[in-house]
Structure formats: C-alpha cells, structure tokens
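# Residue-level structure breakdown
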Amino acid sequence: MPSPKPDPYAALRYSNYRYFVLGRSFFTLAMQMQTVAVSWEIYQRLSANTKDAALALGLIGLVQVLPMIVLALPGGQTADRLNRKTIVLTTQLLFAFCAMCLLLLSRLHAPVGYYYLVLCLAACGRAFSVPAITSLFPTLLPREALPNAMTWNSTIFQLSAMIGPVLGGLIVASAGPATSYVVNIFCAGLAFLTFSLTTPVTPKTRKAPITLDSLLSGVRFVFGTRILLGLFCLDLFAVLLGGATALLPIFANDLLKAGPEGYGLLRAAPSLGAVAMALLTAHLPPWRKAGRVMLLGVAGFGLATILFGISKIFWLSMVALALTGMFDNISVVIRQTVMQLITPDAMRGRVSSITFLFISCSNELGELESGLTARWMGAVASVIFGGIGTLLVVLGSTFVFPEIGKLDRLHELKPAEIAQATEEELEEKAHA
C-alpha cells in the first residue's frame, strides 16, 4: 500500500506554532529594518570617503559579533536552565529599548560611535534571545511535525527578511531613518504580544548543577557529532567568505546608482530567492542524498556571489542575490533540521547557542571581512574573492567531512539520545 502523501502544512495546523512564527516574523522585521536604517545612515554620514565608509560598514558586524561570541555559551546555558518563553519576552523589551535609543541618536544627529554602542547592547540581547527562540519552538508541536516546521521556519523567516529591507528602504527614502526606528519599536511590541500567547510543553528532565563542565557540554556534543560539526563548519566558512550584504550600500549608491529604495530591494533579494526555494521544498518529497544537495547548494551560493560581483546591471544584480538566497536556504533547512532531530531537549539551548555562534561568526565576521577587503582591493574585487573562497570551502569540506556527502533522507535521522534521558547521562555521553 503506498505511503500517505506528506502534508505540506502540517506544522501550521498547530495554533501554538502559528503564534510562534508570528512573533518571530515581527522580531525579524524589526531587525531587518533596523539594519537597513543604521547601515544607510552611517554610510551617508561617511560617504565622502568611500574607503572609510566601507570600513565603518564592516565595523557594524564586528560590534555585533563580539558580544555574541562572549555570551553565546551563557545564553545557551540560560535557555536550558530558565524559562525559555520568559527569556524571549524579556529580550523583546530590550530590543524595543534599543530602537528607542537609535531614534534618539538619529534625532540628535549623534556621533557614529554611539550607534555602535546601541548595536552592541542589542547583540547582547540576541545572544540570549536566539538560543531561547530556537529551543522553544520544538516544544510547541509534536516531533513528527519538526521537519515540516523547519521548512516553514525558513520560509516565513525569509519572507519577513524580504519584506523588512524593502519596507525599511522605502521608509528611509520617504521619511528618514528615524521613522524606521519608530516602526521597529512597534514591531518589537507585536513580537512580545504574539510570543506571550504560546504555550510550550517541555519534557520533564532532571537538571545537573550549573558548572563549567555543564556549560561546555554543548560544545562537546557538537564537536563529538561529526555530521553536526561538518555542517556548521561548511556554513561558517562559506558565508564568512561569500557574504556581500555589508557592501550593498556601496553597490546601490555608487555602482548601480539605485539609491535607498534600490538598496532595500537589493537587501531583500536573497530573501525573495529563499522564500521561493522554501515554498518549493515544502511541496516536494524529502530530499534524497541531502548531504550532496547541501554541498551543491553552497557551491551555487559561491557562483551566484561571483555573478553579483561582476554585474553592472541592477536587475542582474537582483537575480544574482536572489540565487544566493535560494542556495543558502537549502543549507539552512538541512542544517537546522539535522540539529533539531538529533539533539535531546535537555541540551537544545546549549547546542542552539553553538549554532548561533557559528551563524553569528559567519554573518557578522563576514561583514567585517568584506569591509576590510573592500578597503584594500575595492568592493567588486572583495565580492568576487569571497565567491571564489566559498567554492574552495565546498571542495575542502568534501574531503575533511565525508559524513556530509553520506547524509541521506533527513526524516530517517534518529536522536543521539532519548529526550527523557537525564542531563547527567547526556553530559556523561558527550564528555566520553
């Protein structure tokens, strides 16, 4: 008898999950609009000297990644020890406060250094928020719906990440960055409201005492699980080298002559591609040979980045960025699904913090790398160099982590431990 056809909307049939994705969408909208407004405002302040402006844009990534590197492990530990929903709600209030500070700085035309301080504070909140959000959502719906939920997580996140920059660019162009910060405050309030409507069901597990050994157990789990480590490293180095988003104000303003509206569209293009790929994935059978699909996807990301670097036509640049989003979405869905399926609930917060650390390092340090190389060799050469580096990372990963190529159907993965195991047993196994 043939197996029943997969339900592409399985996760969305749970109201708990719908509240979650609404909250995450408002949070993402706020962060994306804030990024557009801050980047454009700082660039316009320093645009008289393109090299200084490129470095200033790269420093946005640096001031955000440093606190996340320092606080990622404590953030994951906190998500496993305290109420995850409470952490999420508290950090949404912090984000609203940061948006209020940016509004004040914009109105006062304050020095750029103060913007970096506010972004640093917001990054501290993200170090606690992201592990809590990532480990909260698996407690909102049954395990069998998780692979489908991961696809919709990516789809709805990318949809928000697509709308956010476009809306942010339009607001900045028509009313100025300050108005964008007002909208950010409103979105953070809506995120607080919708997250508060969720009702998580967390398995009862006996928690070990808070020790340095417990803090590092998530690190041991990731480094002791070769497939996780390989997927994380592939994503880290590919995005670290291939990211071009930090330089988009330069491309939009100086090379493509598109202005703030064009900048918003360019910023949204990767998410447009990611949404298209995610919707396609949701309606297709599960990937066969998922590891090979991921390697090909990251290679496609590198090629699309090179195409963007050499393009001098706005619509072609949009297509190239949309392709980067499509290929990156494949990587995100496979990596996140593997992590959620094989990680026990008692360690979700700490393992999620490691994931967040890898992602933060790749995104924010990638922005710094782009800014530094652009100051040295120019924006176009910097992007092309990054795309070539991504292709070399894929080639190296096939030899260093052969486990990636052997990864088959994701829904057949089994958890490393049963969810009801005590934390002492999990940590003892990770330590061994």
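Residues numbered from 1 in each chain as written. Predicted model: local features only at pLDDT ≥ 70, side-chain atom pairs only at ≥ 80, totals over all residues. Heavy atoms only, no water.

## Concerning the pattern of salt bridges
As enumerated under the stated definition, the model contains one salt bridge in all. One salt bridge connects E41 with R45, and the closest N-O pair in it is separated by 3.6 Å. Of this pair, E41 and R45 both sit in helix 1 (residues 15–46), four residues apart, which is roughly one turn of that helix. Relative accessible area serves as the criterion here: at 9%, E41 is assigned to the buried category. (Salt bridge = Lys/Arg side-chain N within 4 Å of Asp/Glu carboxyl O. Helix = DSSP H or I, 4+ residues; strand = E, 2+ residues; numbered from the N terminus. Buried < 20%, exposed > 50% of the residue type's maximum accessible area, 1.4 Å probe, protein only.)

## Quick word on the side chain of S317
Structurally, S317 is set in helix 13 (residues 314–342). Residue class for S317 comes out buried when judged on its relative accessible area of 1%. Not counting residues up to four positions away in its chain, the partners in contact with S317 are L256, L266, F308 and S311. (Contact = heavy atoms within 4.5 Å.)

## Some thoughts on the packing of aromatic side chains
A ring pair, where both rings are aromatic, is described by two values, the distance of the centres and the angle of the planes. Per the counting criterion, the structure on display carries nine aromatic pairs. The interplanar angle of 55° and the centroid separation of 6.4 Å between the aromatic rings of Y17 and F137 together place this pair among those described as tilted. Taken as a pair, Y17 in helix 1 and F137 in the loop between helix 4 (112–136) and helix 5 (146–175) lie far apart in primary sequence, 120 residues in all. Here Y17 falls in the buried class, since its relative accessible area comes to 0%. Its relative accessible area of 2% is what places F137 among the buried residues. Considering the side-chain rings of W40 and Y263, the 5.6 Å spacing of their centres and the 25° angle between planes classify their relative orientation as stacked. Of the two residues, W40 sits in helix 1 while Y263 sits in helix 11 (residues 259–282), which places them 223 residues apart along the sequence. (Phe/Tyr/Trp six-rings, centres within 6.5 Å; stacked < 30°, edge-to-face > 60°.)

## Side note on the environment of G378
Inspection of the secondary structure assignment puts G378 in the loop between helix 14 (348–377) and helix 15 (379–400). We classify G378 as partly exposed; its relative accessible area is 25%. Between the alpha carbons of G378 and A54 there is a distance of 9.1 Å; along the sequence they are 324 residues apart.

## Points about a nonpolar patch on the surface
A cluster of nonpolar side chains, I388, L392, L395, F399 and V400, forms an exposed patch at the surface whose accessible area comes to about 550 Å². Here I388 is to be found in helix 15. (Patch = residues over 30% accessible without salt bridge, like charges linked within 9 Å, V, L, I, M, F, W, Y side chains within 5 Å. Areas by Shrake-Rupley, 256 points an atom, 1.4 Å probe, with all protein chains shown as cover.)

## A look at the environment of T198
For T198, the location among the structural elements is in the loop between helix 6 (177–196) and helix 7 (212–215). Separated by 183 residues in sequence, T198 and S15 place their C-alpha atoms 8.3 Å apart. In this structure T198 touches N16, Y19, F20, K85 and L140, once residues within four positions along its chain are discounted.

## Observations concerning helix 10 (residues 248–255)
Three or more residues of helix 10 are buried, namely L248, P249, I250, F251 and A252. Immediately beyond the C-terminal end of helix 10, within one or two residues, lies K257, with a positive phi of roughly 55°.

## Quick look at the packing of helix 5 against helix 13
The N-to-C vectors of helix 5 and helix 13 enclose an angle of 140°; their axes lie 9 Å apart at closest approach. Classified by the interaxial angle, the pair formed by helix 5 and helix 13 is oblique. In this structure, the crossing between helix 5 and helix 13 has a hand that is right-handed. Packed against helix 5, whose contacting residues are P147, M150, T151, S154 and Q158, the element helix 13 presents N329, V333, Q336, T337, Q340 and L341 at the interface. When its residues are assigned to classes, the contact of helix 5 with helix 13 shows four nonpolar, seven polar and no charged. (Axes fitted to C-alpha atoms, helices over the stretch in contact; angles between N-to-C directions. Parallel < 35°, antiparallel > 145°, perpendicular 65-115°, else oblique. Left-handed = near helix turned anticlockwise from the far one by under 90°. Nonpolar A, V, L, I, M, F, W, Y, C, P; charged D, E, K, R; others polar.)

## A closer look at the packing of helix 3 (residues 84–108) against helix 4
Axis separation between helix 3 and helix 4 bottoms out at 9 Å; the angle between their running directions is 160°. Overall, the two elements helix 3 and helix 4 adopt an arrangement that is roughly antiparallel. Considering the relative orientation of helix 3 and helix 4, their crossing is left-handed. The residue makeup of the contact of helix 3 with helix 4, split by class, is 18 nonpolar, six polar and three charged.

## Thoughts on helix 4
The end-to-end C-alpha separation of helix 4 is 36 Å, in line with the 36 Å expected for 25 residues at 1.5 Å each. At R126, helix 4 shows its maximal kink, close to 30°. The buried fraction of helix 4 is high, at 18 of 25 residues. (Expected span 1.5 Å × (residues − 1). Bend = angle between axes of the 7 residues up to and from the residue.)

## Considering the confidence of the model for the protein
Residue-level pLDDT values for the protein average 79, and 83% of them are 70 or greater. Taken element by element, the predicted model of the protein shows its lowest mean pLDDT in helix 17 (residues 423–431) (45) and its highest in helix 3 (94). Low pLDDT, under 50, characterises residues 416–432; the stretch is placed with 33 contacts to residues that sit more than four places away or in other chains. (pLDDT = per-residue confidence, 0-100.)

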